[in-house]
Amino acid sequence: MRGDPDPAARSPADDGLGSGSSPGVSPGSLSEADSEAADLADVVARASGGSERAWEDLVHRYARRVYAMANAKLRRPELAEEITQSVFVTLATKLRSDAYSEMGRFEPWLFRVTMNRVRDEIRRAKRQAVAHDPSSFAGMASAPAEPAGLDANASAGLRDAIATLNDADRAVIDLRHTGQMNFKDIAALLDEPLGTVLARHHRALKKLKAALEPTTDASDQTEPDEKGTRS
Amino acid sequence: MTAPNDRNPEITDRSLEAIAHRLDALGLSEQDAPDGLEDRVLAALTEAVAPAPIALRTEAPWWRSGAVRMAASVVLLGSVGATVYVAQRGASTNPGGSTLTAVAAVEDRIEGMFAISELTDAGAFDDSIASLDLWVDTLDAEATGGWQSSGLTDDWFGEGAL
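First, a word on what this report is: a plain description of the structure on this page. (Residues numbered from 1 in each chain as written. Chains lettered and ligands numbered in written order. Predicted model: local features only at pLDDT ≥ 70, side-chain atom pairs only at ≥ 80, totals over all residues. Heavy atoms only, no water.)

**Focus: the overall build of chain A**
Consideration 1: Helix and strand content of chain A: nine helices and zero strands.
Consideration 2: Counting only residues that meet the buried cut, chain A has 42% of its 231 residues in that class.
Consideration 3: Sequence separation of 24 or more characterises 57% of the internal contacts of chain A that already satisfy a separation of 6 or more.
Consideration 4: Accessible area for chain A stands at about 11800 Å²; split by element, carbon and sulfur atoms hold 52% of it. (Helix = DSSP H or I, 4+ residues; strand = E, 2+ residues; numbered from the N terminus. Buried < 20%, exposed > 50% of the residue type's maximum accessible area, 1.4 Å probe, protein only. Contact = heavy atoms within 4.5 Å. Areas by Shrake-Rupley, 256 points an atom, 1.4 Å probe, with all protein chains shown as cover.)

**Describing helix 2 (residues 37-48) of chain B**
Consideration 1: Between its first and last C-alpha, helix 2 of chain B extends 16 Å over twelve residues, near the 16 Å set by a 1.5 Å rise per residue.
Consideration 2: Burial in helix 2 of chain B covers these residues: B:L37, B:E38, B:V41, B:L42, B:A44 and B:L45. Along helix 2 of chain B, the residues classed as buried sweep out an arc of 160 degrees about the axis, all on the same side. Those residues of helix 2 of chain B that are exposed and angled more than 90 degrees off the buried face are B:D39, B:T46 and B:E47.
Consideration 3: Next to the buried residues of helix 2 of chain B lie helix 3 (52-74) and helix 4 (77-96) of chain A. (Expected span 1.5 Å × (residues − 1). Arc of directions from axis to C-beta.)

**Here's the deal with the side chain of A:R75**
Consideration 1: As for its placement among the helices and strands, A:R75 is situated in the loop between helix 3 and helix 4.
Consideration 2: A polar contact is formed between the side chain of A:R75 and the side chain of B:E30, at a distance of 3.1 Å. (Polar contact = N/O pair within 3.5 Å; in protein donor to acceptor, adjacent residues only side chain to side chain.)

**Topic: the nonpolar core**
Consideration 1: Within the largest apolar cluster, 47 residues are counted, with the highest numbers of intra-cluster contacts made by A:W55, A:L58, A:F88, A:F106 and A:F111.
Consideration 2: Looking at this core, the elements with two or more residues in it are helix 2 (27-48), helix 3, helix 4, helix 5 (106-131), helix 7 (167-178), helix 8 (183-190) and helix 9 (194-227) of chain A together with helix 2 of chain B.
Consideration 3: Of all the elements, helix 3 of chain A adds the most residues to this core, at eleven residues.
Consideration 4: Those residues in contact with A:W55 that sit more than four places away from it in its chain are A:A47, A:F88, A:L91, A:A92, A:L95, B:L42 and B:L45.
Consideration 5: In this structure, A:I162, A:L212, B:I11 and B:I19 belong to the second largest nonpolar core, which totals 15 residues. (Core = buried A, V, L, I, M, F, W, Y, C linked by side-chain atoms within 4.5 Å.)

**Comments concerning the packing of helix 6 (residues 152-163) of chain A against helix 1 (residues 14-30) of chain B**
Consideration 1: Close contact between helix 6 of chain A and helix 1 of chain B brings their axes to 11 Å; oriented N to C, the two are set at 100 degrees. Taken together, the axes of helix 6 of chain A and helix 1 of chain B lie roughly perpendicular to each other. The segment helix 6 of chain A lies against helix 1 of chain B, with A:A154, A:S155, A:L158, A:R159 and A:I162 engaging B:R22, B:L23, B:L26, B:S29 and B:E30.
Consideration 2: Classifying every residue of the contact of helix 6 of chain A with helix 1 of chain B gives five nonpolar, two polar and three charged. (Axes fitted to C-alpha atoms, helices over the stretch in contact; angles between N-to-C directions. Parallel < 35°, antiparallel > 145°, perpendicular 65-115°, else oblique. Nonpolar A, V, L, I, M, F, W, Y, C, P; charged D, E, K, R; others polar.)

Limitation: the analysis is restricted to geometry and does not speak to function.
Here is the structure:
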């Protein structure tokens, strides 16, 4: 929320906007981000040392976000959960074998692993669909849960609009709004400058707006007809 | 849940903000996983990173490696060859007088050969001796106790067979 004097008082939904007009980040937010980063680094270090409590912490912080990233792409809850489990097993294996070299960039690493796993699964499903039945891949999708505050049509329209984005724009949208990553981490994950990521996010929102507008216009035009105010 | 605490300064349009709000709501709805997701992930982790069982077979000691055995064989053959050569040369240059010396040299070489053999192949040798002892014991048992006391009868005339 713009002008909110206490960044910590913002709700997660407000924090997740990524759309505020305030260009600067307040010092309070910076120190909060720093303390969060330090806390995360400590948890990761303890997890790599085998601390069960640290693993519980990591799983509770990230399991649902990883699941959301997978489910948003695959639309198969059971497969999304399987991927979530395998992602964490990969993390544990890497951390225990001292193969983890992403100090200070845990989130980008975590979501890169997630994206790779999801990509592998999509490729595998496409191969199977081609080999057996071209229509089977489309039929995999299960009915998605409707988000609070969005009716079924609105969420379906939004999903359709997201599907029209190119891969690069969609990656930013997914990582930002589904993975709830900050822009700095997204830039690190995609290995692109922060400015490029911000510009891409802005452009993607404009594309979504353009894709959603015809629906909005149509509903605006339909409403008067139903009321009989237009001939 | 760690929420992003930064903002995109390029977003100044309220309509874009509204779309971002909707995307956030959609993203949160994707997190609506079946109950117990975290527990199942932790269970998978526990299973995956559990310590491996103690290895039943350890690596063979260095002195039982193939390279060392081959080197010992070369040394052995060289020693035998040298012994024979020295013995023949001694016999031809000083017949009779050096026979005892040559024999002593041969004895020394043979003792050396056994020493090397024990050093290089002690494990295999011990295993062979142990197997041989076991086989001899089995034969003794069969010879002294007859067929019924031997293990063979258990196999061939087990319970219920007769």
